[in-house]
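# Examination of the molecular architecture
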Amino acid sequence: MSKITDLTAQLARPVAEANGCTLWDVEYVKEAGSWYLRVYIDKDTGVSIDDCEAVSRVVSDLLDEADPIQDPYTFEVSSAGADRALKKPEHFQAFLGAQVDVKFYQARNGQKSCTGILTGYQDEAITLTLGEETVTIPMGQVALVRLHVAF
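Summary of the structure given here. (Residues numbered from 1 in each chain as written. Predicted model: local features only at pLDDT ≥ 70, side-chain atom pairs only at ≥ 80, totals over all residues. Heavy atoms only, no water.)

## Digging into unusual backbone geometry
- If you check the backbone angles, asparagine 109 has positive phi at about 50 degrees while not being a glycine.
- With respect to the helices, strands and loops of the structure, asparagine 109 is situated in the loop between strand S4 (99–108) and strand S5 (111–122).
- When its relative accessible area of 78% is taken as the criterion, asparagine 109 is described as exposed.
- Phi at glutamate 124 takes a positive value of approximately 60 degrees, unusual for a residue other than glycine. (Helix = DSSP H or I, 4+ residues; strand = E, 2+ residues; numbered from the N terminus. Buried < 20%, exposed > 50% of the residue type's maximum accessible area, 1.4 Å probe, protein only.)

So this is what it looks like as structure tokens:
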């Protein structure tokens, strides 16, 4: 699967940039028995439906030419979103100081999740400030990190 996401990222990155966006992430996942290839884009001024459509049309044609996926799938292009998942080192570096929601594979101190300020990312570990406490958590224990959205 990393071949599919890597190839898609190679195809999508220049298209996103040509449309004033950056490529945030690519995922190829199976949900409810169907495969989805998703390209997430970002833009300082916010991603519009027109941005998604412009990137989608070109990348869809490029994927048809490259034909990296034999099984049927649904192709989607969308904004990374306000509650975007942080997955890559550059994602963590870009949002140092931001409030994040963290979900764990197994409960830590009786909790499966927490919300804190992301104060560091180094050597496959995140550092969070949780109130008065600062903790460093190995990424091997972390299922998901998302930007926190307060309503």
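What follows continues from the structure just given.
## Some points on the pattern of salt bridges
- Taken as a whole, this structure holds eight salt bridges when the rule is applied.
- Two residues, glutamate 27 and lysine 87, come together in a salt bridge whose shortest N-O distance is 3.6 Å. With glutamate 27 in strand S1 (residues 22–31) and lysine 87 in the loop between strand S3 (73–79) and helix H3 (89–94), this residue pair connects regions lying 60 residues apart in the sequence.
- With a relative accessible area of 16%, glutamate 27 lands in the buried category.
- Where aspartate 51 meets lysine 43, a salt bridge forms, and the shortest distance between an N and an O atom there is 3.1 Å.
- Residue aspartate 51 is classed as buried on the basis of its relative accessible area of 9%.
- Several salt bridges converge on common partners, so that one network encompasses Asp25, Glu27, Glu31, Arg38, Glu76 and Lys87. (Salt bridge = Lys/Arg side-chain N within 4 Å of Asp/Glu carboxyl O.)

## Some details on the packing of aromatic side chains
- Here the structure, examined in full by the defined rule, presents three aromatic pairs.
- With a centroid separation of 6.1 Å and an interplanar angle of 70 degrees, the aromatic rings of tryptophan 24 and phenylalanine 95 are classed as edge-to-face. On the criterion of sequence distance, the pair formed by tryptophan 24 in strand S1 and phenylalanine 95 in the loop between H3 and S4 is long-range, its members being 71 residues apart.
- Seen from their ring centres, phenylalanine 92 and tyrosine 121 are 4.5 Å apart, and the 5 degrees between their planes marks the pair as stacked. Taken as a pair, phenylalanine 92 in helix H3 and tyrosine 121 in strand S5 lie far apart in primary sequence, 29 residues in all.
- You can call phenylalanine 92 buried: its relative accessible area is 0%.
- Given a relative accessible area of 12%, tyrosine 121 falls into the buried group.
- We note arginine 84 situated over the ring of tryptophan 24; from NZ or CZ to the ring centre the distance is 4.8 Å.
- Its guanidinium or amino end placed over the ring of phenylalanine 104, arginine 108 lies 5.5 Å from that ring's centre, counting from NZ or CZ. (Phe/Tyr/Trp six-rings, centres within 6.5 Å; stacked < 30°, edge-to-face > 60°. Lys NZ or Arg CZ within 6 Å of the ring centre and 35° of its normal.)

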